[in-house]
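Summary of structural features
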Amino acid sequence: MRRVLVVSVVAICSVLTAAGMLGKVLAAGAPPTVDYTKILPADLVKNTPKGKLANPYKDTQADIVAEGQHLLLSYGCNGCHGGGGGGGMCPPLINDTWVYGGDDDTLFRLVVIGSDELQKLGYSRIGRENVVGPMPPFGTIIKSSDDLWKIFAFVRSKYNGDPAYKFGAPPDPQ
Ligand code: HEC
């Protein structure tokens, strides 16, 4: 009898502890995790409000950067931008001139919907590269948003411009 009591007290305590931990996790507002491997880039763009797309990877993650390099080549970005993103027929991706902006959100949208659609949404060319032309839409060619985030991790890792402009023009000092 006593043993049963002890066991049930222990059981109740662990349920309470688990509930408490869950409560803390929920209270901390843990962001819902998005499985980028299952979302087409085109759908992610459609379903995410402007300004909210952010790369889950860092360009210091060597394994991700290596995968990104492989993906950039396999999707043929190199045909226009060069294998290291340094430019060729088309603008470099790794300097500090950003045609529409250098933040994750703008770059992701540009590659997914292409220049023409981006301009229809009100974006305009604010940076001037030596070569000017349309970036084709890749939104349904790239198999998952995860692939595209990895490509950007690689591109960022090759950045060779002014560090202050890595993610676009820095805000004006007040
Ligand atoms: C047919 C050639 C072509 C291919 C293929 C291509 N791009 Fe582009 N890309 C361009 C052009 C041209 C621009 C400039 C767009 C503009 O001025 O509107 C551009 C612009 C960009 C920019 C913005 C550069 C800046 O300085 O602001 C990024 C990032 C980019 N492309 C990434 C990619 C990625 C990633 C791929 C492969 C999935 C890719 N591109 C494939 C032609 C291409």
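Placed above this text is the structure.
Rules of the game
Residues numbered from 1 in each chain as written. Predicted model: local features only at pLDDT ≥ 70, side-chain atom pairs only at ≥ 80, totals over all residues. Helix = DSSP H or I, 4+ residues; strand = E, 2+ residues; numbered from the N terminus. Buried ≥ 20, exposed ≤ 12 C-beta atoms within 10 Å, placed from the backbone. Contact = placed C-beta atoms within 7 Å. Near = placed C-beta within 6 Å. Nonpolar A, V, L, I, M, F, W, Y, C, P; charged D, E, K, R; others polar. Core = buried A, V, L, I, M, F, W, Y, C linked by C-beta atoms within 7 Å. Axes fitted to C-alpha atoms, helices over the stretch in contact; angles between N-to-C directions. Parallel < 35°, antiparallel > 145°, perpendicular 65-115°, else oblique. Expected span 1.5 Å × (residues − 1). Arc of directions from axis to C-beta.

Helix and strand content of the protein: 6 helices and 0 strands. Written out in order from the N terminus, the α and β elements of the protein read α-α-α-α-α-α. Within the protein, buried positions represent 25% of all 174 residues. A sequence separation of at least 24 residues applies to 76% of the contacts in the protein between residues at least 6 apart.

Let us now look at the site of the ligand. Near the ligand, the surroundings consist of 25 residues, among which Cys-77, Cys-80, Val-99, Ser-115 and Met-135 are the closest. Sorting the residues of the shell around the ligand by element identifies α4 (78-81) and α5 (104-120) as the ones contributing at least two each. At 4 residues, the largest contribution of residues to the shell around the ligand is made by α5. A per-class count over the shell around the ligand returns 17 nonpolar, 6 polar and 2 charged.

A general feature of soluble globular proteins is that nonpolar side chains tend to end up buried together. Phe-108, Val-111, Val-112, Leu-148, Ile-151 and Phe-154 are the most contacted members of the largest nonpolar core, which has 25 residues in total. The set of elements that each furnish at least two residues to this core consists of α2 (41-47), α3 (62-74), α5 and α6 (145-157). The contact partners of Leu-148, leaving out residues within four places of it in the chain, are Pro-41, Phe-108, Val-111 and Ile-142.

Turning next to the packing of α3 against α6. One way to put it is that α3 packs onto α6 with a least axis distance of 7 Å and a crossing angle of 105 degrees. By the criterion of interaxial angle, the relationship of α3 to α6 is roughly perpendicular. Taking contact as the criterion, the partners of Ile-64, Val-65, Glu-67, Gly-68, Gln-69, Leu-71 and Leu-72 in α3 are, on α6, Asp-147, Lys-150, Ile-151, Ala-153, Phe-154 and Ser-157. Looking at the contact of α3 with α6 residue by residue, the class counts come to 7 nonpolar, 3 polar and 3 charged.

On to the environment of Tyr-75, then. In this fold, Tyr-75 is placed in the loop between α3 and α4. Residue classification places Tyr-75 among the partly exposed residues on the basis of 17 C-beta atoms within 10 Å. Along the backbone, Tyr-75 and Ile-141 are 66 residues apart, and their C-alpha atoms lie at a distance of 8.0 Å. In this view, Tyr-75 contacts Phe-138, Ile-141 and Ile-142; residues no more than four positions away in its chain are not counted.

Once that is clear, we can look at α3. End to end, α3 covers 18 Å across 13 residues, agreeing with the expected 18 Å (1.5 Å per residue, within 8%). Looking at α3, one finds that the buried residues are Ile-64, Val-65, Gly-68, Gln-69, Leu-71 and Leu-72. Each buried residue of α3 lies within a common arc of 165 degrees when the element is viewed along its axis, so the set occupies one face. The outward face of α3, more than 90 degrees from its buried face, is lined by the exposed residues Ala-62, Asp-63 and Ser-74. Buried residues along α3 sit against α4 and α6. Following α3 by one or two positions, Gly-76 adopts a phi angle in the positive range, close to 80 degrees.

On to α6, then. Given 3.6 residues per turn, any residue in an α-helix points the same way as the ones three and four places further on. Taking 1.5 Å per residue as the helical rise, α6 with its 13 residues ought to reach 18 Å, and the 18 Å between its terminal C-alpha atoms agrees with that figure. Most of α6 sits out of view: 11 of its 13 residues are buried. Those residues of α6 that fall on the buried side of the exposure criterion are Ser-145, Asp-146, Asp-147, Leu-148, Trp-149, Lys-150, Ile-151, Ala-153, Phe-154, Val-155 and Arg-156. Close packing links the buried residues of α6 with α2, α3 and α5.

Looking at the secondary structure, you find Thr-60 in the loop between α2 and α3. Classification of Thr-60 as exposed rests on a count of 10 C-beta atoms within 10 Å. In this structure, the C-alpha to C-alpha distance between Thr-60 and Ser-157, residues 97 residues apart in sequence, is 7.0 Å.

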